[in-house]
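Letter by letter, the chains look like this.
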Amino acid sequence: MAESRIEQAVLTASRRKLRYPDDEKIDVVVVDNFPALGTLAAVRFLAWVLDNPEGVICLPTGRTPEHFISEVKRFLSSWDHQQTRTELAQFGIEASRPPELSGLRFVQIDEFYPINPRHHNSFYDYVRRYYIEGFGLDPQRSLLINCEQIGLPGGEDLETFWSSGRVNLDLRYRPPKTARERREQEAIRHVDQWCEEYESRVRELGGIGFFLGGIGPDGHVGFNVRGGSHHSATRLTRVNYETQASAAGDLGGIEVARNRLVITIGLETITWNRDAVAIIMAAGESKAAIVKEAVQGATHVNVPAAALRCLKGARMYLTRGAAKDLRRRDILRLQEQTELSPREVERIVTDLAYNLNKRILDLSEQDYRTDEYGAMVLRKTKESVAALNERCAAELRHKIERGMRTQRDTRFLHTEPHHDDVMLGYLPSVVRNIREHSNTHYFATMTSGFNAVTNEYMCSLCRRMREQLSSNRDRYYALLDDGYFHDARYRDHDVWIYLDGLAARSGEMQDEGTLRRFFRDLSEVFDESDIDELAERVDELINYFQTQYPGKRDLPHIQQLKGMCREWESACLWGFFGWNQEAVKHLRLGFYKGEIFTEEPTVDRDAVPVRDLLSHVAPDVVTVAFDPEASGPDTHYKVMQAVSAGLKLYQDETGRDDLRIIGYRNIWYRFHPAEADVFVPVSLNMLTLQQHAFMSTYLTQKDASFPSYEHDGPFPELAQRIQVEQYNKLATCLGHEYFYEHPSALIRATRGFIFLRDMSLQEFYQYSRELRRVAENR
C-alpha cells in the first residue's frame with residue numbers, strides 16, 4: 001500500500017523499525033521536527049485519499065495540525081510542479097493527478113458545549129475555515145457539531161438558555177428541584193439523544209476510515225480524557241483540569257473553561273472500523289512523558305491512546321523530541337555513537353542515582369551493570385566506577401559554584417517572549433547580578449502579550465478610570481496643564497507612585513499610579529487628551545468588554561491597550577529594583593497577532609528591531625527563552641528565532657563574536673541537569689521575593705486566568721515548585737550533607753535551584769539555525 005511505502009521511506013532514512021515489540025505496543029514513526037511531522041501526516045493523508053476518494057475522515061483541531069494543514073494545501077496547489085512531484089516520489093506517490101477531496105465524508109471530532117458556532121473559537125468554525133473551505137470538502141457530506149442545530153426543547157436560543165455558561169450534568173441522575181432544573185434536564189437529555197444519533201450516523205457510514213489527532217497533556221485523544229472507558233461513544237461530558245487549562249486560551253480564561261462541557265466522539269467511535277488508519281501526532285519534548293505512556297505503557301483507562309492498539313493501522317507520528325523517552329530507540333541512538341558526550345554520560349549517571357535514591361558517589365558497579373544505560377556508559381567510557389562517579393559529582397558541584405558567582409562590569413540584555421518570562425525563569429540570578437553595581441541591565445519584552453489579559457480585568461480597570469475622571473477631574477486637568485502626561489520623564493513617576501503605595505500598603509496610592517499610566521495609554525491609543533473625550537472612550541470600552549464573548553480576537557487598538565497594561569506590569573517589576581523606563585524595552589514584534597497559528601518571524605519585520613536594540617545596548621550577555629521545538633507556547637520558539645536572526649545581523653555589522661548567550665526555561669519546560677551549565681541557588685528569602693513581586697506587579701495574572709496544565713494557581717507557585725524539585729534532585733545526587741554542611745551560607749540557605757544554559761554565539765546558532773532552515777525550505 002502507498003501508506004506503507006510512505007512510512008518505509010522515513011524508516012529507511014532514520015534506520016529504525018516501525019515497532020520494537022519488546023517495549024512498544026503501537027507502531028511509531030519519528031521525524032526530525034515539527035514541520036517534518038506536518039509533511040509526513042499530509043503525505044499519508046493524501047495517499048489514503050487517492051485510494052479512498054469517498055472515505056470517512058476525522059481530522060484534528062487546535063494548534064497541533066498547523067503544519068499538516070499548510071502542507072496539504074501546498075501539495076494540492078503545486079501537484080503539477082516538478083519539485084513537488086519529486087518530493088512525493090520520494091514517499092512512493094506517483095499519481096499524475098492530485099486527489100479530489102470533495103467526495104470525502106468528514107466527521108468532526110469534538111466541540112465545546114455550549115458555544116455559539118459562529119464564534120471564532122468554536123471548533124465548528126475552525127473546521128469550516130481550515131477543512132471545509134481550506135481543503136474544499138463538501139459540507140453536505142460532513143457530520144459537524146453545530147451546537148445551535150443540536151437545538152433545545154421548544155426551540156429556545158442556545159446562548160439565552162445557557163446564559164450562565166454552566167450545564168449541570170448531575171441532573172442526569174437526580175430529580176430536578178425547580179422548574180428551571182426540569183427544563184435543563186430535558187435539554188441535557190435532548191443533547192444526549194443527539195449524541196446517540198451522531199454515533200449511529202458515523203457507524204452507518206462504516207465508521208471512520210482515516211483518523212488524525214493530537215494528544216493532550218494528560219494523554220487525551222479528542223476530549224477522551226484520562227480515566228475514561230476505551231469503549232466510549234459520542235457523548236456530552238466533563239473534562240479534567242489539565243484539559244480545561246489547555247483550553248483556557250481559546251475560551252478566554254480558566255474561569256470560562258471550568259464551566260464548559262464538551263461533546264466528543266468516543267474512543268470506540270475511532271476504533272469501530274477495524275480497518276481504519278488512526279494516527280496520533282505529537283511534537284516537542286514536553287510531550288515525551290505522555291508519549292512514553294501511550295507507546296510503552298499498559299493498556300489502561302489512564303492511557304486513552306492505548307485504545308488504538310486494537311487497530312492494525314494505528315500509528316504514532318512523533319518528532320525526535322516527543323520520542324526522546326522511548327527506551328529502545330534512545331538506547332539505539334546511544335549505541336550508534338562512537339563515544340558518549342559528557343552531557344550524555346552526566347545525564348545517564350544523574351538519572352541512575354536519582355532513580356535509585358542514591359548519591360552519585362555511592363553508585364556501585366552492580367548498579368551500573370544492572371541498568372542498560374549504566375552498562376553502556378561503562379562499556380563506552382572504559383572508566384572505573386569510582387572515577388566516573390567522581391567526575392559526574394564534580395561536574396554538578398562545579399555548576400553550583402558557577403551559579404554562586406556574580407558578574408562584574410557586564411552589560412546584560414534580558415530578553416523574554418512575554419512580560420513575566422524572565423521573572424518566572426531566573427529572577428534570583430537577575431537580582432544577584434543587580435546587586436553588583438558595576439553591571440548594567442536592560443530588559444526587553446519581544447511581544448505585546450495582549451492574549452494574556454482578560455476582558456474582565458480591562459472592564460474593572462476602565463470602571464476605576466471612569467470613577468477617577470468623574471471624581472478627580474480637576475486633578476487630572478491640573479496634571480495636564482503641568483505637562484505631566486506629555487513629558488516622557490514623568491512616566492517613571494507613575495511607577496514610583498505605585499511602588500510608594502505598595503510599600504505603604506495603600507491600595508489608593510497603587511491605584512493612583514496605575515490609573516495615571518492607563519490615562520497615558522488611552523491618550524496615546526486614541527490620540528486624545530481631552531478629559532471629556534477620553535471619558536466617552538472609557539464608556540465605549542466598558543461596553544465593548546462587557547459585550548464581547550470570551551476568547552474573541554480583539555480589534556487592533558484593543559490589543560494595543562491590553563499590551564500596554566502588560567508593559568505597565570514590567571515597568572513596575574523592574575522598578576522594584578530601581579530600573580527606570582530607559583532600561584525596560586518593548587519591541588512588540590509583528591509576528592505576534594493573536595491568531596491561532598502564529599506567523600513565522602521575518603527578518604525585516606522581526607529580526608531588524610532586535611538588531612537595533614542590540615546596537616543600542618551593546619551587551620556582553622544576552623538571555624533567551626530556550627524552550628525546545630513545540631514545547632511551551634509557540635511564541636517562545638519564534639522569539640528565539642527572531643533573537644537568533646537579530647544577533648547574526650548584529651554580529652555581521654559589528655564583528656563581535658564575544659557575546660555569551662544564556663538560555664533559560666521557566667514554567668513551561670525544564671532543563672535536565674545535564675543540559676544546563678549553571679545552577680543558580682535559590683533561598684527561601686528569594687522564593688518569597690518571587691511570589692511577592694509577581695503578585696504585586698503582574699496584576700493581570702494574579703487570578704491565573706491562563707494557567708499551566710500542571711498547576712491550578714498563579715505561575716510563581718509553579719515556578720517555586722520546579723525550583724524546589726531541582727534542588728531535591730541535586731540533593732539526592734550529591735547528598736543533603738553537601739548543602740547542610742557547606743562552608744557558604746548561600747548554599748546552606750539554598751532550597752531551590754534555577755538551571756541555565758551558557759552558550760557562545762556559535763553554539764546558539766547551531767541550535768537555532770536548523771530551525772530557521774527547516775522553516776524557510778517549506
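This text follows the structure it describes.
Residues numbered from 1 in each chain as written. Predicted model: local features only at pLDDT ≥ 70, side-chain atom pairs only at ≥ 80, totals over all residues. Heavy atoms only, no water.

**Description of the sheet that holds strand 16 (residues 678-683)**
Taken together, the seven strands give an open sheet; going across it, the order is 13-12-11-14-15-17-16, and neighbouring strands pair in mixed fashion. Edge positions in the open sheet fall to strand 13 (584-586) and strand 16, since each of these has one partner strand only. Adjacent strand axes in the sheet meet at a mean angle of 25° when their direction is disregarded. Relative to strand 17 (residues 750-760), strand 16 runs antiparallel, the two being bridged by six bridges. Bridging from a neighbouring strand, Val-678 pairs with Leu-756 of strand 17. The strands that helix 27 (residues 684-697) touches are strand 16 and strand 17; relative to strand 16, the one it contacts most, it runs at about 85°. (Pairing = 2+ DSSP bridges. Helix = DSSP H or I, 4+ residues; strand = E, 2+ residues; numbered from the N terminus. Axes fitted to C-alpha atoms, helices over the stretch in contact; angles between N-to-C directions. Contact = heavy atoms within 4.5 Å.)

**Some details on the packing of aromatic side chains**
One pass over the structure, following the stated rule, counts 39 aromatic pairs. With centroids separated by 6.3 Å and ring planes inclined at 80°, the aromatic side chains of Tyr-126 and Phe-597 adopt a geometry described as edge-to-face. Taken as a pair, Tyr-126 in helix 5 (residues 123-133) and Phe-597 in the loop between strand 13 and helix 25 (603-617) lie far apart in primary sequence, 471 residues in all. For the pair shown, Tyr-126 and Phe-597 are each scored as buried. Measuring from ring centre to ring centre gives 6.1 Å for Trp-574 and Phe-577, while their planes differ by 40°; the resulting arrangement is tilted. Across the pair, exposure class does not vary: Trp-574 and Phe-577 are buried alike. In textbook terms, an aromatic cluster arises when at least three aromatic residues are bridged by ring pairs, as seen for Phe-45, Trp-48, Phe-68, Phe-106, Tyr-126, Tyr-130, Tyr-131, Phe-135, Phe-210 and Phe-597. The cationic tip of Arg-180 hangs over the ring face of Phe-161; the distance from NZ or CZ to the ring centre is 4.4 Å. Above the ring of Tyr-484, the side-chain terminus of Arg-516 is found at 4.8 Å from the ring centroid. (Phe/Tyr/Trp six-rings, centres within 6.5 Å; stacked < 30°, edge-to-face > 60°. Buried < 20%, exposed > 50% of the residue type's maximum accessible area, 1.4 Å probe, protein only. Lys NZ or Arg CZ within 6 Å of the ring centre and 35° of its normal.)

**Points about the environment of Gln-691**
Summarising the element assignment, Gln-691 is placed in helix 27. Relative accessible area serves as the criterion here: at 25%, Gln-691 is assigned to the partly exposed category. Through-space distance from the C-alpha of Gln-691 to that of Arg-16 is 47 Å; in sequence the pair is 675 residues apart. Every residue in contact with Gln-691, bar those within four places of it in the chain, is listed here: Pro-716 and Glu-717.

**Points about the sheet that holds strand 7 (residues 235-237)**
Spatially, the three strands line up as an open sheet ordered 4-8-7, and their pairing is antiparallel. Both outer strands of the open sheet, strand 4 (110-113) and strand 7, are each paired with one neighbouring strand and no more. Between one strand and the next, the sheet's axes are offset by a mean angle of 25°, whatever the strand orientation. Note that strand 4 and strand 8 (residues 261-264) share four bridges and pair antiparallel. Bridge pairing in strand 8 links Tyr-113 to Leu-261. Packed onto the sheet, helix 8 (residues 179-204) meets strand 4, strand 7 and strand 8 and runs at close to 135° relative to strand 7.

**Quick notes on empty space enclosed by the protein**
One pass over the structure, following the stated rule, counts four cavities of 30 Å³ or more. Gly-425, Arg-665, Asn-666, Ile-722 and Gln-726 are, among the 14 residues lining the largest cavity, the residues nearest its centre. Only helix 18 (421-434), helix 28 (715-734) and strand 17 provide two or more residues apiece to the lining of the largest cavity. Sort the elements by how many residues they give to the lining of the largest cavity and helix 28 lands first, with four residues. By volume, the second largest cavity is sized at about 50 Å³. Taken together, the elements giving at least two residues each to the lining of the second largest cavity come down to helix 19 (455-471), helix 22 (507-526) and helix 24 (556-575). When residues in the lining of the second largest cavity are grouped by element, the largest group, four residues, is from helix 22. (1 Å grid on protein atoms, 1.4 Å probe; cavity = no way out; pocket = protein on both sides within 12 Å on 5 of 7 lines; lining within 4 Å. Points joined across faces, edges and corners; volume = space filled by probe spheres on them.)

**Some thoughts on the side chain of Asp-627**
Counting through the fold element by element, Asp-627 comes out in the loop between strand 14 (621-625) and helix 26 (634-654). As a buried residue without a salt bridge, Asp-627 has its nearest oppositely charged side chain in Arg-665, at a separation of 4.2 Å. At 2.6 Å, the side chain of Asp-627 and the side chain of His-636 are in polar contact. (Lys, Arg positive; Asp, Glu negative; His and termini not counted. Salt bridge = Lys/Arg side-chain N within 4 Å of Asp/Glu carboxyl O. Polar contact = N/O pair within 3.5 Å; in protein donor to acceptor, adjacent residues only side chain to side chain.)

**Section: the packing of helix 21 (residues 491-503) against helix 22**
Axis separation between helix 21 and helix 22 bottoms out at 6 Å; the angle between their running directions is 160°. If you check the angle between helix 21 and helix 22, you find them roughly antiparallel. Crossing geometry of helix 21 relative to helix 22 is assigned as left-handed. Note on element contacts: helix 22 touches helix 21 through Met-509, Gln-510, Glu-512, Gly-513, Thr-514, Arg-516, Arg-517 and Arg-520, opposite Arg-491, Asp-492, Asp-494, Val-495, Ile-497, Tyr-498, Asp-500, Gly-501 and Leu-502. Of the residues assigned to the contact of helix 21 with helix 22, the class counts are five nonpolar, four polar and eight charged. (Parallel < 35°, antiparallel > 145°, perpendicular 65-115°, else oblique. Left-handed = near helix turned anticlockwise from the far one by under 90°. Nonpolar A, V, L, I, M, F, W, Y, C, P; charged D, E, K, R; others polar.)

**Quick word on helix 12 (residues 288-296)**
Regarding helix 12, the residues found buried are Ala-288, Ile-290, Val-291, Ala-294, Val-295 and Gln-296. Its buried side turned inward, helix 12 meets strand 1 (27-31), strand 9 (277-282), strand 10 (313-319) and helix 13 (327-335).

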